[in-house]
Amino acid sequence: MSGKQHKYLKAEDVRRLKSYEFAPKALAEGYLAGRHPSHVRGASVEFHDYRQYVPGDDRALIDWRVYGRSDRYYLRTFEQETNMSCNILLDSSASMGFGEKISKLEYASFFTAALCYLVIHGTDRISLTLFDEQVRSYYPPGSTTRHLNQMLNALEDNHPGERTSVAAALNKCVPLFRRRGSIIVISDFLDDPAAIFQALAPFLHRGFRVHLCQILDPGEVNLKREGMTTFVDMESGQRVVAHAGAIRESYCAALQKHNHGLRELAARRQVDFVSVTTDMHYFELFDHLARE
Amino acid sequence: MSIGFESSLPLLMAGVVLLPLLLHLFARSRPPRYQFTAVTLLARLVRESIRARRPRDLLVLALRTLLIAALAALIFQPIIFLDRRLNDATRRNVVVIVDCSASMAYAEGGQTRFSAACADAVDFLGGLKGSDTANVIWLDSNPDAVFPGMGVNYSWLSNELRKGKVTSEGAAIEVAFAMAAAMLEGQEGYREICVVSDFQASVWEFFKPPEFEGINVVLSPVGEGHGANVALGELRCVPAAPLCGEEAEVEVDLHNYSATAVQRLVFVSCGAQRQSRRIALQPWSSALCRVPLSWSTPGLYQVDVEIEEDMFNGDDRGSMALEVRTQQRVALCGKESVSGKIWERLLHALPWIEVQSVTVEEACSGGFDTILAAGWDGAEAALLQERLQRSGALLLAPGSRVTGNALAALTGSDSSSVSGVLQAQTLSGFIGRRLLQDDEPLFAVFQRGTHGDPCAGRVRQTLHIPEALLAGGGVLLRHDNDEPALWRAGGRTQLYLWNIVLDPEFSTVAQYPEFVILSGEILKRCRATDLPEAVEQRASGDLLSWRVPSGISASKVRLLDGAGRELKTMIGGERELTATEAAKPGCYRWVAGEEVLRYSVVPFPAGESDLRQMRPDKLKIEAVTVSGRQARNLREGVSIWPWFIAASALFLLLELLALAPLPLIKKKTGSRNHGG
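Residues numbered from 1 in each chain as written. Chains lettered and ligands numbered in written order. Predicted model: local features only at pLDDT ≥ 70, side-chain atom pairs only at ≥ 80, totals over all residues.

A.B. asks: In this structure, what is going on with the overall build of chain A? I would like to understand it.
C.D. replies: In terms of regular secondary structure, chain A is built from 9 helices and 11 strands. The burial tally for chain A puts 41% of its 292 residues in the buried class. (Helix = DSSP H or I, 4+ residues; strand = E, 2+ residues; numbered from the N terminus. Buried ≥ 20, exposed ≤ 12 C-beta atoms within 10 Å, placed from the backbone.)

A.B. asks: Help me out: how do you make sense of the sheet that holds strand 9 (residues 228–233) of chain A in this one?
C.D. replies: Remark on secondary structure: sheet strands pair via backbone hydrogen bonds, oriented parallel or antiparallel. If you trace the 3 strands from one edge of the open sheet to the other, you get 10(A)-9(A)-2(B), paired in mixed fashion. Edge positions in the sheet fall to strand 10 (239–243) of chain A together with strand 2 (33–36) of chain B, since each has one partner strand and no second. Across the sheet, the mean angle separating the axes of adjacent strands is 35 degrees when strand polarity is ignored. Both strand 9 of chain A and strand 10 of chain A contribute to a ladder of 5 bridges, which runs antiparallel. Considered in strand 10 of chain A, the bridge of T230 of chain A is made with V241 of chain A. Here helix 8 (residues 244–268) of chain A sits on the sheet in contact with strand 9 and strand 10 of chain A, set at roughly 100 degrees to strand 10 of chain A. (Pairing = 2+ DSSP bridges. Axes fitted to C-alpha atoms, helices over the stretch in contact; angles between N-to-C directions. Contact = placed C-beta atoms within 7 Å.)

A.B. asks: Teacher, can you tell me more about the sheet that holds strand 25 (residues 473–479) of chain B here?
C.D. replies: Residues and elements named next belong to chain B. Pairing is mixed across the open sheet formed by 8 strands, whose spatial order is 19-18-20-21-27-26-25-23. Each edge of the sheet is formed by a strand with only one pairing partner; in this case those strands are strand 19 (353–357) and strand 23 (433–435). On average, each strand axis in the sheet is tilted by 20 degrees relative to the strand beside it, whichever way the strands run. Across 5 bridges, the pairing between strand 20 (residues 370–376) and strand 21 (residues 393–398) is parallel. What sits directly across from A373, in strand 21, is L396. Each of strand 18 (328–333), strand 19, strand 20 and strand 21 is contacted by helix 8 (residues 338–349), which is oriented at about 150 degrees to strand 20, the strand it contacts most.

A.B. asks: For this particular structure, what's the right way to read helix 4 (residues 113–125) of chain B?
C.D. replies: In an α-helix, one turn spans 3.6 residues, which is why side chains three or four residues apart end up on the same side. All names here are of chain B. Taking 1.5 Å per residue as the helical rise, helix 4 with its 13 residues ought to reach 18 Å, and the 18 Å between its terminal C-alpha atoms agrees with that figure. Counting buried residues in helix 4 gives 11 out of 13 residues, a clear majority hidden from the surface. Of all the residues in helix 4, the buried ones are R113, F114, A116, A117, C118, D120, A121, V122, D123, F124 and L125. At the C-terminal side of helix 4, G127 shows a positive phi close to 85 degrees. (Expected span 1.5 Å × (residues − 1).)

A.B. asks: When you look at the interface of chain B and chain A in this model, what are you seeing that I'm missing?
C.D. replies: Where the parts come together, the accessible area they lose is often given as the size of the interface. Across the contact, 23 residues belong to chain B and 30 residues belong to chain A. Sorting the residues of the side of chain B that touches chain A by element identifies strand 2 and helix 2 (39–76) of chain B as the ones contributing at least two each. Here the side of chain B that touches chain A gets 8 residues from one element, more than from any other, and that element is helix 2 of chain B. When the residues that make up the side of chain B that touches chain A are grouped by side-chain class, the tally is 12 nonpolar, 9 polar and 2 charged. Judged from the 4 bridges that link them, strand 9 of chain A and strand 2 of chain B form a sheet pairing that is parallel. Residue pairing across strands places V232 of chain A opposite Q35 of chain B, the latter belonging to strand 2 of chain B. (Nonpolar A, V, L, I, M, F, W, Y, C, P; charged D, E, K, R; others polar.)

This is the structure we're talking about:
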């Protein structure tokens, strides 16, 4: 890290992050030997399984004792430990600019910065994708401090953009994420849940470990308004005139139902889903990921 | 129907008040804008809820509009006029006839019909303005008006109505209407006679309304329908003037004017004598109660009759007065005839008879109990007929020259087929008679056989009396040649026809003692039923008066009511004493010292006991039937602003109910299929 004081990564956070270690349970697909288990069989001390010899296999891996007993060639395979790729997708649409004390984007940027530091500090690789309706910027996986600085600077320069479409962004990220690893999507997820999980399907199929971090503002959770209000959509500019008091209860119920749908779909696809509000400290997200 | 406003000034003030209100209502404030994220979600919620909210919003809008309208109308104090003509009349002249007859004392629903009528009458007078005139006529047996003519002091009239009292009198309806019409005659403008009454059927069904020109009649019935009542009717003594030691019967008519059967205990008292009878009365029926009384000394007696009191107690007691005599006074006419002499000998033989030989004219004018016309030839038939109609009693023994017309005049028969002198038939031999009715009380004395045969004696001459002359009565004895021997008129007419020849040349009847017994029985029954001279009957509401006979100092004569209270009297010309107050039902005594000189009996008006009402529209009179309140509303209009207060409160309540939070309509389809 350079001596520059970053907006979203403060010294006290760095100190606090030293007690964390990013170690997702999903198997990684790295090219460097590292701390994370991999599906690629390699030379390690961790026995994996036996399998029959096929021409082309390394004959040094043949287990001769088995041959002596069964007169067949079997290979002993070992799990290869490798480094992990963590891909962060940060929603930078206009809706993420909503917030009374702190915007959702700023809150997400704090979490993203801390996560980047944590991953790189563990000698893993991390990539960052800023998106709204499109992929606005993409930082390929890297594990260097310079790479971290680049991402931190990008977060500082990041501003709420246009409409949001998590599904479209994910679709465009499919060719970008070549190696298996973790995907952490940070968004308010006020989008169509079915489209989101449809877009996540290729990643899940490829074995990615997906984490969905929903960030909401208390103001939009509880609709803290009174009287007749003209609600103007931050992305589309759509206007709706309604009495906040009259629709509060139904709005909260509908939002809860939306989140319940997200949570249900996530559980069905074995996707980790966590929802926080900006009045909570973002380290609670780390605690959640640690529990996972 | 039209609508007016009590107050017009608030109309301008209302405009001032309403202007900012309307500005407030119609100046739509722009809601503050709020940048938000989940607007799509909100739009969907609003879209889903608008189906439920739009009707409610329209309802709230309608309720608020009605609320504002009701409040605005409240300020103007609107009045609804059902008939504008009455209100537009330039000058109104109203005569209110208030029924204060006895039946109005009946209490229904906590108040008497009379008090309800007075309240109604006050309403009729309500709303009269400066140039209007009014008067009130009390409808009783002698209707009188509060003012001599039409007046403008309405408050005085209203005050008189509040102080009015019901009387125990009947109702002279025609007199009251004539009085009202006379008052309204010559008055300019709208003229109206308002009648507030219970429209008692027994009284009003005989009312023949006079023809009015230009006078509107408004009938206002009070009362709630048929009032149940048990009443004493007529009181009689049979005989009317009993003799000392004779057992007389006091007859009491009882009437049940109700739809239920009742029992009443009838108390009859006269001096020390007091008796009671329990009488059962079927619904809407009458009964006759007979109570035997007897007196040992002659004189004037007061008999009081009571029944148990009911809701209408004015007719639950009554009194009568009678004179007990020592002898029955018989006037003998035709003494000169042969049969007259025999009758005279007979009458003198009876100790309880005081006989006087008089002319028919004298007999009819004097106070005789019985007139015996012996050998009557048809003279003075009109006088005798008139005496019979005045409750006289006549034992008629026609002679051989009597005409059919004269006899028909007394028997009340049709004389067209019978004219000329009735023929006396002389027979070759004697014939007897026979009883036609064995159980006839007249012959009861002969039933034991100790008094002989009522048909004793024979005759050989009979007067031929055509049956057509006897249609109104019954033959008691008949000759063997089928000619009637003894006939009695039907009903209450005390007329006996003696067709038994007494001339010794043609008859042996007078030779038998049975003739004395039979004649005595007939005379005992054939007695006048009119009041004795010392007893008079007056109508309720009359001023009692008596011309004091000479020999009695008028100043010493006092008038006492049934309770012994002395009533004020004044001495008029020719020694006539007159009470200053109208008489109420009861028995009044004219006394000098301790001696009772005369009784004045005032019975309860007979027609007032039947409390059944008739519908005013059944009267043959062109009239409008409304209550006083309705008439007042017709004139003054009905203030409907209190209804607007109620409507405002109702609208406000409904608005609060309509604004209560409604649950959102939730889609049963649930969430979309999220790719599962």
